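Survey of secondary and tertiary structure
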Amino acid sequence: MIEVQNGVFHLRESGWSYLFRATEQGLLEHLHFGAPVSIQDAPALAVKPGMGWGMAVTPNEADGALCPDTLPLEWSGAGRGDYRESPMEVWDGDVPLPAEFRYADYQIFEGTARLQSGLPQAGGGLQTLAVTLRAGALPLTLTLYYTDFGGVLTRRAVLKNESRRTLTVRKLMSWCVDLVGEYGLTTFDGGWIGEARRHVTPVEAARVVNESTAGFSSNRHNPGFLLAGKGAGEDCGDVYGFNLIYSGNHYASAQRSFQGLTRVMQGVSPALFCAVLAPGGTFETPEGVLAYSGAGFNGLSAAMHRFVNGHIIPPAWRYRPRPVLFNDWEGCMFDFDQRRLLELAGRAKKQGAELFVLDDGWFGARNSDRAGLGDYGVNEKKLPEGLGGFAGKLAGLGLNFGLWFEPEAVNPDSGLYRAHPDWAIHQPGRSDLLSRHELLLDLRKEAVRDYIVDSVTEVLNSADIRYVKWDMNRQSVLTGAAAHEYILGLYDVLRRIFAPRPDILLESCSSGGNRFDLGMLCFSPQIWCSDNTDPMERLQIQGGLSYLYPQSCMGAHVSAAPHAQTLRATPLSTRGNVSFFGALGYELDLKALRPVEAREIKAQIAFYKAHRDTFQFGAFSRLPAPEGWTGWQVRSERETLAGFFRGLVPAAPGIVKLRVSGLDNNRRYRVRARPQTLRVGDFGNLVKYLSPVRVNPDGPLLRAADGLYALPDGREDFTATGAALMAGFAPAALFTGTGYDKNSHNQGDFGSEIYVISEERGHD
Ligand code: DGJ
């Protein structure tokens, strides 16, 4: 809800308020971002600068206290007395314009004000406030848009050149705000196979920056970040969350002033940026997302998850169950033909998969990553019946068909490149910078966009394709406005291909999570989080992403161990348990499985399907957990599912208590650990003592038994009140040495459990 009274603007979100006002001088003074208040509280919320601070620079000497440098503001100019970082820079030729913006008027619309430049945008806004500012003598108009989504608000800016001269925009943030107080900045940073690592940096006098200049939102620094007040924890304290609906170079900064104001802003990265603003032209920023929770990080995540599921994901996929998929990449890489694929598909179907994804290598001369990218003609040696024939065979097995593309890139060794070398991005006078033997196509060019749209469309029309994996495996060499135009080109291509095909499930990917952002999520309901499928790594990657993105949009696959990315061996049960907290898939050579593993996978998929709604769309929280453990929970009206994951386990581990959250203190719940098994081989030398006859643990008998038989592990089934479960229940003991007890958890390092908790009268 948006209210306006006497120049005070109040955006009332569920659970919090955002207030600002136009001062007499026309500055936009930020009043409050936090717990719900009333618009009448504005005078109480306004800061009282008293006599102000020395050295004030102000347009009105008599009003020294109303210096723009020391007020909390919603926006600021440049070169006009506010010496903090400016959210904008506009130049007239080689002269920077000293801009200051003063309030002119406002408008309120029902719903959302549409973006004009092709940037994606959140859908289903309730109301939009547009505040117009003018730059005094300068012919510039700035409109700040605020849209209320009920639990988050979005902000963006549009700058219009009202002059007859061509100006250039070197920086224009989507939003800027000054908050009173001290904060810690949480960012999600990393690189290939190590995405979304959480880092906390105190915001002090020196500016801290979260930025990507790689051409894409990047795995280096996710655009989403948080600011937390002192003492905030997972379930308590003030936490602000911010994100940007954009997939290109982004920038955010936070810095605390001498007066204790933390200025924070976010938008397209200004690095080497310079966009031409023709007379009468406008520059429009991407939409930024702002949210607050007084209930800690989990509260903030809940608001962001609801927003992504309800307003970012394409309408046809909002709250629509994601299929369990099998992807052939880690199992086959480039080495496959139809026979091998169908054999895998048959097995995948038996295990319970619903969708078969044919990854890289199905077209042209694409038998390695060195050649063929760009030529989307089927490789008939591998697929003699074409995609249509292959899809038909899959349909016969009862599986849907999904297909991989990497349409933005080209191998120089390809027909496309030989025909159109100028379609790739080159830097005049410079050698090409190749990465994974590929160059990016120049999506700023209409002919290139048309080629991509036509070639992908032709393939999509040639077979019954229900899912597309849209990959992109390199960083860009484009900078500044050129990189921005590339991203606009990408959005155009995605819109033209997929808007007419809303039921195709698009999963975007960029060497894993190199483009995990709200811009891509406006087109692709899920994103492949990382090429790293080691569950211990995934706890960090999916755990990091969970602060801002819901589990429904995280592609999470079970792969073979030892893992190709870490050489770490982890239990199959844990690989499943971690992947359950996402859009589940399997990506391994099913033919190489021991029967005992095949049975386990079948049980995993059946379990996931039975609880799919809760796993994909339930309310997610990070649980308090003992040192060295990780706890995640999802909760729906029907049930609570709590996962506890261990790292290295010490010898003779001690006693722990596990806590879940969100239950009713007085109700009684039944708690069951998901049935798991232990492979005979996992029991090492100890099997000698379990077996009634003398056996050699390395001998053929036990090797055969290891493939065929599993032991029950860690069975738990009990009832307790919500109060006890939230205070902390004692789980079954961990393995403490030299014996087998089916009621203990015997997995050792990297073991985990999932508890299904349902009200006693209910059932799962
Ligand atoms: C990188 C992706 O992240 C992988 O999942 C796979 O699709 C390969 N590309 C294929 O080349």
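Here the structure is a predicted model, which is why all the values come from computation and not from measurement. (Residues numbered from 1 in each chain as written. Predicted model: local features only at pLDDT ≥ 70, side-chain atom pairs only at ≥ 80, totals over all residues. Heavy atoms only, no water.)

**Remarks on the domain arrangement of the chain**
What counts here: Boundaries between domains were set according to an automatic or database domain assignment.
Considered domain by domain, the chain is made up of domain 1 (2-312) and domain 2 (629-759). Centre-to-centre, using C-alpha coordinates, domain 1 lies 47 Å away from domain 2.

**Considering the site of the ligand**
Quick reminder of the rule: For this purpose, a residue is taken to be near a molecule or strand whenever a single non-hydrogen atom of the residue falls within 4 Å of it. In protein, a polar contact requires one atom able to donate a hydrogen and another able to accept it; more generally it is a pair of N or O atoms within 3.5 Å, and residues adjacent in sequence count only if both atoms are side-chain atoms. Calculation of accessible area relied on Shrake-Rupley with a 1.4 Å probe; when residues are assessed, cover is drawn exclusively from the protein chains displayed. In this classification, the charged set is Asp, Glu, Lys and Arg, the nonpolar set is Ala, Val, Leu, Ile, Met, Phe, Trp, Tyr, Cys and Pro, and all remaining amino acids, among them Gly, are polar.
The environment of the ligand is formed by 13 residues, the closest being Asp359, Asp360, Lys469, Asp471 and Asp531. One nitrogen or oxygen atom from the side chain of aspartate 359 is found 2.7 Å from an oxygen atom belonging to the ligand. Tryptophan 404 has a polar side-chain atom sitting 3.1 Å from an oxygen atom of the ligand. A total of 300 Å² of accessible area belongs to the ligand in isolation, and the protein chains cover 97% of it. When its residues are assigned to classes, the shell around the ligand shows 4 nonpolar, 3 polar and 6 charged.

**Focus: the pairing of strand E1 (residues 2-5)**
Heads up, the condition is: Only strands joined by at least two bridges in the DSSP assignment are considered to pair. Per the convention used, a helix needs a DSSP run of H or I reaching at least four residues, while a strand needs a run of E reaching at least two, with both numbered from the N terminus.
The pairing of E1 with strand E2 (residues 8-13) spans 4 bridges and is antiparallel. The residue of E2 that forms the bridge with isoleucine 2 is leucine 11. Following E1, the chain reverses through 2 residues before pairing antiparallel with E2; asparagine 6 in that reversal takes a positive phi of roughly 50 degrees.

**Let's talk about unusual backbone geometry**
Following alanine 561, the chain continues into proline 562 via a peptide bond in cis, with omega recorded as 0 degrees. Along the chain, proline 562 falls in the loop between strand E30 (554-559) and helix H11 (572-579). Of note in the backbone geometry, alanine 196 takes a positive phi value of approximately 55 degrees without being a glycine. Even without being glycine, serine 218 reaches a positive phi, approximately 80 degrees. With respect to the helices and strands, serine 218 occurs in the loop between strand E14 (208-211) and strand E15 (225-229).

**Quick word on the environment of alanine 275**
We count it as follows: Relative accessible area decides the class of each residue, using a 1.4 Å probe on protein chains only: under 20% of the type maximum gives buried, over 50% gives exposed, and in between gives partly exposed. Any two residues whose heavy atoms approach within 4.5 Å are treated as being in contact.
Within the secondary structure, alanine 275 sits in strand E19 (residues 275-277). On the basis of relative accessibility, which here comes to 10%, the residue alanine 275 falls in the buried class. Each C-alpha atom, one on alanine 275 and one on alanine 564, is 43 Å from the other, the two residues being 289 residues apart in sequence. Filtering out sequence-adjacent residues up to four positions away, alanine 275 remains in contact with Leu167, Thr168, Val169, Phe283 and Ala481.

**Looking at the pairing of strand E12 (residues 183-189)**
For a regular strand, side-chain orientation follows a simple rule: the groups alternate between the two sheet faces. Burial analysis of E12 places 7 of its 7 residues in the buried class, which makes it a mostly covered element. Residues Tyr183, Leu185, Thr187 and Asp189 of E12 are buried on one face, and the alternating residues Gly184, Thr186 and Phe188, pointing to the opposite face, are buried as well. Judged from the 6 bridges that link them, E12 and strand E13 (residues 197-202) form a sheet pairing that is antiparallel. Counted as the bridge partner of threonine 187 is histidine 199 from E13.

**Focus: the packing of aromatic side chains**
Cut-off, in case you're wondering: Any two rings among Phe, Tyr and Trp, with Trp reduced to its six-membered ring, count as a pair given centres within 6.5 Å; such a pair is stacked if its planes are under 30 degrees apart, edge-to-face if over 60, and tilted if neither. Look at NZ for Lys and CZ for Arg. If either is within 6 Å of the ring centre and within 35 degrees of the ring normal, a charge sits over the ring.
Under the defined criterion, the tally for this structure stands at 51 aromatic pairs. Geometrically, the ring pair formed by phenylalanine 363 and tryptophan 404 is stacked, given 6.2 Å between the ring centres and 10 degrees between the ring planes. Of this pair, phenylalanine 363 sits in the loop between strand E23 (355-358) and helix H5 (386-397) while tryptophan 404 sits in strand E24 (residues 400-405), and the two are 41 residues apart along the sequence. By relative accessible area, phenylalanine 363 is classed as buried at 0%. Over the aromatic face of tyrosine 145 sits the side chain of arginine 156, whose NZ or CZ is 4.1 Å from the ring centroid. When the ring centre of tyrosine 547 is taken as reference, the NZ or CZ atom of arginine 622 above it lies at 3.5 Å.

**What about the sheet that holds E1?**
We count it as follows: For helices, the axis comes from a line fit to the C-alpha atoms of the stretch in contact; other axes are also lines fit to C-alpha atoms, and the angle between any two N-to-C directions lies between 0 and 180 degrees.
Reading across from one edge, E1-E2-E3-E4 is the order of the 4 strands in this open sheet, with antiparallel pairing throughout. Of all strands in the sheet, those with a lone pairing partner are E1 and strand E4 (28-34), marking the two edges. Averaged over all pairs of adjacent strands, the angle between their axes in this sheet comes to 15 degrees, without regard to strand direction. Pairing of E2 with strand E3 (residues 16-22) involves 6 bridges; the strand directions are antiparallel. Bridged to valine 8 within E3 is arginine 21.

**Some words on the sheet that holds strand E32 (residues 619-623)**
Ordered in space as E32-E33-E34-E39-E35-E38, the 6 strands form an open sheet in which the pairing is antiparallel. Across the chains shown, the open sheet's two edge strands, defined by having one partner strand only, are E32 and strand E38 (717-721). When the angles between neighbouring strand axes are averaged without regard to direction, this sheet yields 20 degrees. Where strand E33 (residues 629-635) lies against strand E34 (residues 640-646), 7 bridges are found, and the strand directions are antiparallel. Bridging across to E34, threonine 630 finds its partner in phenylalanine 645. Against the sheet, H11 touches E33, E34 and strand E39 (752-759), its axis set at about 50 degrees to E39.

**Re the pattern of salt bridges**
For clarity, the threshold we go by: Any Lys or Arg side-chain nitrogen found within 4 Å of a carboxyl oxygen on Asp or Glu counts as a salt bridge.
This model, assessed by the stated rule, comprises 44 salt bridges. The shortest N-O distance in the salt bridge between glutamate 29 and arginine 21 comes to 2.8 Å. By relative accessible area, glutamate 29 is classed as buried at 2%. Under the relative-accessibility criterion, arginine 21 is labelled partly exposed at 27%. Across the pair arginine 515 and glutamate 408 runs a salt bridge whose closest N-O atoms are separated by 2.6 Å. Of the two residues, arginine 515 is situated in the loop between strand E28 (505-508) and helix H9 (518-521) and glutamate 408 in the loop between E24 and strand E25 (409-410); the sequence distance between them amounts to 107 residues. The class of arginine 515 is buried, set by a relative accessible area of 2%. On the basis of relative accessibility, which here comes to 0%, the residue glutamate 408 falls in the buried class. Connected through shared salt-bridge partners, Asp82, Arg84, Asp178 and Arg263 make up one network.

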